[in-house]
Amino acid sequence: MYYIYILYAALADKYYVGYSEDYVRRLQEHNFSEKNTYTKKFRPWVIKAAFECGSDAGEAMNMEKFIKQQKSRKFIERLCEPEFCPNGRLAPLPACGYAGLESRTCACASS
């Protein structure tokens with residue numbers, strides 16, 4: 001199962017969007033890896049949202065790319081809202097449980 005995850009660095013007031021089969025492990029890597037990466041300079045990161053994308057890595061990559069192409073902080077912040085309900089291009093993104101935050105149930109999923 002692949003996931004789209006959104007990280008937030010409060011000290012830098014920055015968001016980061018990625019995809020992975022294990023977003024909790026990726027959070028640890030973003031926070032503790034010695035590699036020289038974009039996320040290293042803005043530590044610490046916390047998970048703000050995570051979404052199941054299914055078992056296809058290509059689809060997860062496409063979703064990540066779509067989110068990044070929006071180039072919109074407001075869009076990313078909307079994705080992080082507990083009441084966010086994916087629709088349109090994002091409809092395949094059911095919210096899932098993630099570290100430090102409660103699992104979300106999409107109210108419009110039953111409509």
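As the structure is a computational prediction, the values presented were derived from the model and not from experiment.

Scoring rules and cut-offs
- Residues numbered from 1 in each chain as written.
- Predicted model: local features only at pLDDT ≥ 70, side-chain atom pairs only at ≥ 80, totals over all residues.
- Heavy atoms only, no water.
- pLDDT = per-residue confidence, 0-100.
- Helix = DSSP H or I, 4+ residues; strand = E, 2+ residues; numbered from the N terminus.
- Contact = heavy atoms within 4.5 Å.
- Pairing = 2+ DSSP bridges.
- Axes fitted to C-alpha atoms, helices over the stretch in contact; angles between N-to-C directions.
- Buried < 20%, exposed > 50% of the residue type's maximum accessible area, 1.4 Å probe, protein only.
- Polar contact = N/O pair within 3.5 Å; in protein donor to acceptor, adjacent residues only side chain to side chain.
- Expected span 1.5 Å × (residues − 1).
- Arc of directions from axis to C-beta.
- Phe/Tyr/Trp six-rings, centres within 6.5 Å; stacked < 30°, edge-to-face > 60°.

(A) Structural detail: the confidence of the model for the chain. When the pLDDT values of the chain are averaged, the result is 84; 80% of them are 70 or greater. For the chain, the element scoring lowest by mean pLDDT is strand S3 (residues 46-54), at 89; strand S2 (residues 14-20) scores highest, at 97. The low-confidence segment residues 97-111 (pLDDT under 50) makes 25 contacts with residues lying over four places distant or belonging to another chain.

(B) Region of the structure containing the sheet that holds strand S1 (residues 2-9). Strands sit in the order S2-S1-S3 across an open sheet of three strands; the sheet is antiparallel. Both edges of this open sheet fall to S2 and S3, since each of them pairs with a single strand only. Across the sheet, the mean angle from the axis of one strand to that of its neighbour is 15 degrees, orientation sign disregarded. Both S1 and S2 contribute to a ladder of seven bridges, which runs antiparallel. From the neighbouring strand, Tyr 3 faces S2, where its bridge partner is Ser 20. Packed on one face of the sheet, helix H1 (residues 23-32) meets S1, S2 and S3 and runs near 35 degrees to S1.

(C) Looking closely at the side chain of Ser 20. Along the chain, the position of Ser 20 falls in strand S2. Using a relative accessible area of 5% as the deciding quantity, one classes Ser 20 as buried. Separated by 3.0 Å, the side chain of Ser 20 and the backbone nitrogen of Asp 22 make a polar contact.

(D) Expanded view of the environment of Phe 51. Topologically, Phe 51 is positioned in strand S3. The sequence separation of Phe 51 and Tyr 19 amounts to 32 residues, and the corresponding C-alpha distance is 9.2 Å.

(E) Molecular detail of the pairing of S2. With five of seven residues buried, S2 is to be regarded as a mostly interior element. Joining the antiparallel neighbours S1 and S2 is a turn of four residues, in which Asp 13 adopts a positive phi near 55 degrees.

(F) The arrangement of helix H2 (residues 57-69) in detail. Here H2 contains 13 residues, and its C-alpha end-to-end distance of 18 Å stays within 8% of the 18 Å for a straight helix at 1.5 Å per residue. Within the span of H2, buried status applies to Ala 60, Met 63, Glu 64 and Ile 67. Along H2, the residues classed as buried sweep out an arc of 100 degrees about the axis, all on the same side. Of the residues flanking the end of H2, it is Lys 71, one or two places downstream, whose phi is positive at about 45 degrees.

(G) Looking closely at H1. Within the span of H1, buried status applies to Tyr 23, Leu 27, His 30 and Asn 31. Taken end-on, H1 shows its buried residues confined to a sector of 90 degrees, consistent with a single buried face. Its buried side turned inward, H1 meets S1, S2 and S3.

(H) Examining the packing of aromatic side chains more closely. The tally for this structure, following the rule as stated, stands at nine aromatic pairs. On the basis of an interplanar angle of 45 degrees and a centroid distance of 6.4 Å, the ring pair of Tyr 2 and Tyr 19 is categorised as tilted. With a gap of 17 residues between them, Tyr 2 in strand S1 and Tyr 19 in strand S2 connect regions that are remote in the sequence. Overall, the relative accessible area of 16% leaves Tyr 2 in the buried class. An angle of 40 degrees between the planes, with centres 6.4 Å apart, marks the rings of Tyr 5 and Tyr 16 as tilted. A residue pair is termed long-range when its members are at least 10 positions apart, and Tyr 5 in strand S1 and Tyr 16 in strand S2 qualify at 11 residues.

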